[in-house]
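Architecture and fold: a report
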Amino acid sequence: MPLSPIDDIINPAYAGVSGVGAFNVVQIEHAEAIVAGAESAGLPVVLQISENTARYHGSLAPIGLASIALARMAQVPVAVHLDHAESAGLVRQAVELGFTSVMFDASKLPYGENVAATREITDYCHRANVLVEAELGEVGGKDGAHAPGVRTDPDEAAAFVAATAVDSLAVAVGSSHAMLTRDAVLDFELIARLRAAVGVPLVLHGSSGVGDAGLAEAVAAGMTKVNVSTHLNKTFTRTVREYLGAHPDTVDPRSYLGPARAAVAGEVARLLGVLASAPVQVSSGPRSTSST
């Protein structure tokens, strides 16, 4: 199956079918696990590579091209997405490598600068048929959209989407990045208001801190793309730790990375099932993503 454009995955979910799982890749075992989990579930998935991960690997190309290769070999639709890029140069690299979408994060800038920078990225990416996700919390919030207590205002979100022409919007509704416990309390009423206001798919960042019931309810309220990273890293690391604890003389990394990969694949399949089973009670489809 060829590498899938992300709108082929996002748009049916936005129209009322389900939520979409988007999982962060740290190393090739993550990408392999995520694809295997999606194939096991028989559901589409998004592989995400963050700016931090690109920096860890020395550049975007090694892990990006590996993820694209895995997506092309997958038996289910798989999109490859650049996550939380603050560098316009990295966005351009992702487009050149063949990523199907990017998330440009200028949320730490004052509102006017965020709009200007994001619109420039959107214009560039749309010329290449690449979709753009952006982020908005409180206007001018120096800690970005997912600082504790920040909430996205629906009117400001609608104005931001209109001004930037982005294709999806990450919003602040009660989750936070890198949570180690799954006890975040989401504002489902706000999700519904944002869904009605902005006219593009909503994205939930910090989903590792949200339990299964909360994820399903978030999708039912109007969330479309659900990003998960830390939760899978916990699963991966716990499995490695348990294996090495039971086999202290192990020196071959395949011995412990293999079980960790399998554990992540199982959790991806399970989470995709949670998101797919969430009833989305909406009727309107997304606006066109080709306008620039």
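In this text, all values refer to a predicted model and were calculated from it rather than measured experimentally. (Residues numbered from 1 in each chain as written. Predicted model: local features only at pLDDT ≥ 70, side-chain atom pairs only at ≥ 80, totals over all residues. Heavy atoms only, no water.)

Notes on the pairing of strand β6 (residues 168–171)
Residue alternation in β6 divides its side chains into two sets, Ser168 and Ala170 and Leu169 and Val171, and both sets are buried. Sheet topology note: the strand β5 (residues 131–136)/β6 ladder contains four bridges and is parallel. Counted as the bridge partner of glutamate 135 is alanine 170 from β6. In this structure, β6 lies alongside strand β7 (residues 202–204), joined through two bridges in parallel fashion. Paired with leucine 169 across the two strands is leucine 202, which belongs to β7. (Buried < 20%, exposed > 50% of the residue type's maximum accessible area, 1.4 Å probe, protein only. Helix = DSSP H or I, 4+ residues; strand = E, 2+ residues; numbered from the N terminus. Pairing = 2+ DSSP bridges.)

Side note on the packing of helix α2 (residues 28–41) against helix α4 (residues 61–73)
Closest axis-to-axis distance for the α2/α4 pair is 10 Å, and the angle between their directions is 20°. Comparing their axes, α4 and α2 come out roughly parallel. The element α2 and its partner α4 pack so that their crossing is right-handed. When α2 is examined against α4, the residues Ile28, Ala31, Glu32, Val35 and Glu39 are found in contact with a partner set consisting of Ile63, Ala66, Ser67, Leu70 and Met73. Here the residues of the contact of α2 with α4 are counted per class, giving seven nonpolar, one polar and two charged. (Axes fitted to C-alpha atoms, helices over the stretch in contact; angles between N-to-C directions. Parallel < 35°, antiparallel > 145°, perpendicular 65-115°, else oblique. Left-handed = near helix turned anticlockwise from the far one by under 90°. Contact = heavy atoms within 4.5 Å. Nonpolar A, V, L, I, M, F, W, Y, C, P; charged D, E, K, R; others polar.)

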